[in-house]
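Summary of the model geometry
Each chain, letter by letter, is given below.
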Amino acid sequence: MNDNEVRKGLAGVIADYTSISKVNPETNSLLYRGYPVQQLAEQLSFEDVALLLWTGQLPTPQEREEFLQLEREHRDLDENVRSAIDLLSTDCHPMDVGRTAVSVIGTNHPLAADSSPEAELIKAKELFAAFPAVVAYDQRRRRGLDAVPPRSDLDYSQNFLWMTFGEEAAPEVVDAFRVSMVLYAEHSFNASTFTARVVTSTLSDLHSAVTAAIGALKGPLHGGANEAVMHTFEEIGIEDEPAAEAAARARAWLEQALAERRKIMGFGHRVYKNGDSRVPSMKRALDAMVAHYGRQEIMGLYDGLQDAMEEVKGIKPNLDYPAGPTYHLMGFDTEMFTPLFIASRITGWTAHIMEQRSANSLIRPLSIYRGPDERSLPPVAAAA
Ligand SMILES: CC(=O)SCCNC(=O)CCNC(=O)[C@H](O)C(C)(C)COP(=O)(O)OP(=O)(O)OC[C@H]1O[C@@H](n2cnc3c(N)ncnc32)[C@H](O)[C@@H]1OP(=O)(O)O
Ligand SMILES: O=C([O-])CC(=O)C(=O)O
């Protein structure tokens with residue numbers, strides 16, 4: 001084994017085949033099962049996109065109807081899950097709550113030990129249906145508010161916002177939320193999905209794989225970046241001022257942050273080096289929210305930081321950059337942003353879990369040892 005065989009961070013390593021999504025950095029494109037994500041975000045419900053990711057096909061009207069019924073039947077917060085969440089302090093991060101909730105859901109599931117494709121699909125659909133209530137309940141308990149029961153006359157996105165805020169969201173808000181769910185759903189072998197595949201490769205169960213994936217998503221180099229973007233905006237300070245002044249403050253902040261060798265959250269990507277394919281669609285959703293809530297002042301900072309980053313480092317924003325302020329404008333607390341990413345990515349993770357299981361090989365790379373040469377234990381240590 002040579003040093004030049006080591007691929008730090010597995011950069012550039014092709015670990016397996018997948019039929020679920022294609023990330024193409026040359027053309028800045030992203031396909032889910034062959035369909036461009038921009039078209040899916042414009043035209044499809046999140047529920048249809050979920051079915052597409054799981055099955056590889058657009059649903060027939062009957063398949064859609066059956067799934068919508070199942071989804072509505074599994075929206076209620078399970079009592080065991082609620083009790084487990086109630087044991088957790090509201091000082092802990094909401095990602096810890098999401099991780100714990102999925103783990104508890106796994107322990108209660110009657111098909112926990114059944115890893116047939118049919119059972120895996122049922123578990124995936126039920127988890128998709130159950131997770132919004134976890135986020136909504138956690139958001140509300142942190143605000144000292146009671147849970148709001150789900151409504152079966154609302155679609156996934158409408159109901160998610162209803163359970164969180166206790167009022168019906170405007171159609172523009174529902175649409176921006178739906179777009180964010182579609183865009184966050186799947187992105188090939190990213191860190192959290194790869195984590196889910198590693199866990200699955202040991203023939204462990206679906207809920208263990210998703211629980212582990214949530215742990216990977218939490219980090220700020222991955223999903224945690226959407227909340228980190230908002231912390232950046234708060235650090236720079238959102239002021240009602242002309243755009244040029246906001247841009248100047250953003251630039252000064254950036255220069256200082258880079259001088260301190262800080263990573264600027266919401267920028268850069270391991271695969272896309274010339275822009276993230278999902279940003280234009282998410283930016284349109286952000287623009288719609290800025291117009292809907294009349295919060296133009298946030299865009300001076302947004303554009304200013306983006307332009308300065310491009311000029312100084314030549315690095316473009318990723319999906320988390322427009323998603324963070326979009327969720328902020330909708331009224332979610334900053335720490336709830338990454339749990340929203342979980343709600344969406346459950347689709348991609350579970351599709352990959354099923355794919356990994358269908359053609360499994362234990363994932364176990366090698367390493368070059370750099371510790372001490374072989375040595376004998378000193379006699380005194382051996383005696384102890
Ligand atoms: C949905 C998602 O998960 S998208 C990713 C969300 N994550 C973030 O937004 C966190 C901020 N971004 C980053 O840390 C990185 O761009 C990553 C981790 C996403 C990708 O990183 P890698 O592919 O490993 O690239 P790497 O970190 O080696 O960067 C290459 C160079 O660009 C710089 N760079 C890359 N991204 C950034 C950034 N956001 N801020 C400052 N510098 C950056 C690095 O410092 C490095 O410079 P150097 O060669 O002078 O040391
Ligand atoms: O692909 C990646 O490395 C990260 C990412 O954008 C995602 O998971 O959506």
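Residues numbered from 1 in each chain as written. Chains lettered and ligands numbered in written order. Predicted model: local features only at pLDDT ≥ 70, side-chain atom pairs only at ≥ 80, totals over all residues.

Remarks on the overall build of the chain
Let me state the cut-off plainly: Strands are runs of DSSP state E lasting at least two residues, helices are runs of H or I lasting at least four, and both sets are numbered from the N terminus onward. In this description the radius of gyration comes from C-alpha coordinates, and the expected globular size is given by 2.2 Å times residues to the power 0.38. Field definition: a residue is buried when 20 or more other C-beta atoms are found within 10 Å of its C-beta, exposed when 12 or fewer are, and partly exposed for counts in between, with C-beta atoms placed from the backbone. Note on contacts: residues are paired as contacts if their backbone-placed C-beta atoms lie within 7 Å.
The number of helices and strands found in the chain is 17 helices and three strands. Here the C-alpha atoms of the chain give a radius of gyration of 22 Å, agreeing with the 21 Å that 2.2 N^0.38 yields for 384 residues. Each principal axis of the C-alpha atoms in the chain carries an extent, and together these give about 70 × 55 × 45 Å. A buried classification covers 42% of the 384 residues belonging to the chain. Taking all contacts inside the chain whose residues are at least 6 apart in sequence as the whole, residues at least 24 apart take part in 77%.

Some details on the pairing of strand β2 (residues 29-32)
On any regular strand, side chains alternate: one points to one face of the sheet, the next to the other face. Our working rule: Here, a strand pair is defined by DSSP locating no fewer than two bridges between the strands.
Here β2 shows a clear split, with L30 and Y32 buried on one side and none of S29 and L31 buried on the other. As judged from the four bridges shared by strand β1 (residues 21-24) and β2, these two strands associate in the antiparallel manner. Within the sheet, the bridge partner assigned to K22 lies in β2 and is L31. Counting the residues in the hairpin turn of β2 and strand β3 (residues 35-36) gives two residues, including R33, whose phi is positive at 50 degrees.

Structural notes on the domain arrangement of the chain
Threshold: Boundaries of every domain are those given by an automatic assignment or by a domain database. For this classification, Asp, Glu, Lys and Arg are treated as charged, while Ala, Val, Leu, Ile, Met, Phe, Trp, Tyr, Cys and Pro are nonpolar and the rest, including Gly, are polar.
Taken as a whole, the chain is organised into domain 1 (18-222 + 335-358) and domain 2 (225-330). Here the C-alpha centroids of domain 1 and domain 2 sit 26 Å apart. Residue-level contacts link 24 residues of domain 1 with 25 residues of domain 2. Of all the secondary-structure elements, those providing two or more residues to the side of domain 1 that touches domain 2 are β2, α1 (37-43), α8 (171-184) and α16 (337-358). Ranked by the residues each element gives to the side of domain 1 that touches domain 2, the list is headed by α8, at eight residues. Considered class by class, the residues forming the side of domain 1 that touches domain 2 number 16 nonpolar, six polar and two charged.

Observations concerning the site of ligand 1
To keep things clear, this is the line we draw: Being near a molecule or strand means, for a residue, that its C-beta atom, positioned from the backbone, comes within 6 Å of it.
The full set close to ligand 1 counts 18 residues, and A225, I264, F267, G268 and R270 are the nearest of them. Its residues assigned to classes, the shell around ligand 1 shows seven nonpolar, seven polar and four charged.

Structural notes on the pairing of β1
Burial of β1 is one-sided: the residues S21 and V23 facing one way are buried, the residues K22 and N24 facing the other way are not. The antiparallel pairing of β1 with β2 creates a hairpin that spans four residues between the two strands, and N28 there sits at a positive phi of about 50 degrees.

A word on the site of ligand 2
Around ligand 2, the neighbouring residues are H187, N190, H269, R270, V271, N318 and L319. Of the residues belonging to the shell around ligand 2, the class tally is two nonpolar, four polar and one charged.

Describing the confidence of the model for the chain
Spelled out, the test is: The score called pLDDT rates the predictor's confidence residue by residue, from a low of 0 to a high of 100.
In the predicted model, the chain carries a mean pLDDT of 96, and the fraction of residues at 70 or more is 99%. Here the prediction assigns the complex a pTM of 0.97, and the interface score ipTM is 0.98.

A short note on the nonpolar core
Formally: Take the buried Ala, Val, Leu, Ile, Met, Phe, Trp, Tyr and Cys residues, join any whose C-beta atoms are within 7 Å, and the set you get is a nonpolar core.
Core analysis: the largest hydrophobic core is formed by 99 residues, its most contacted members being V49, L53, L127, F131, V182 and V210. Per element, the largest residue contribution to this core is eleven residues, and it comes from helix α6 (residues 117-142). In terms of domain composition, this core takes at least three residues from each of domain 1 (18-222 + 335-358) and domain 2 (225-330).

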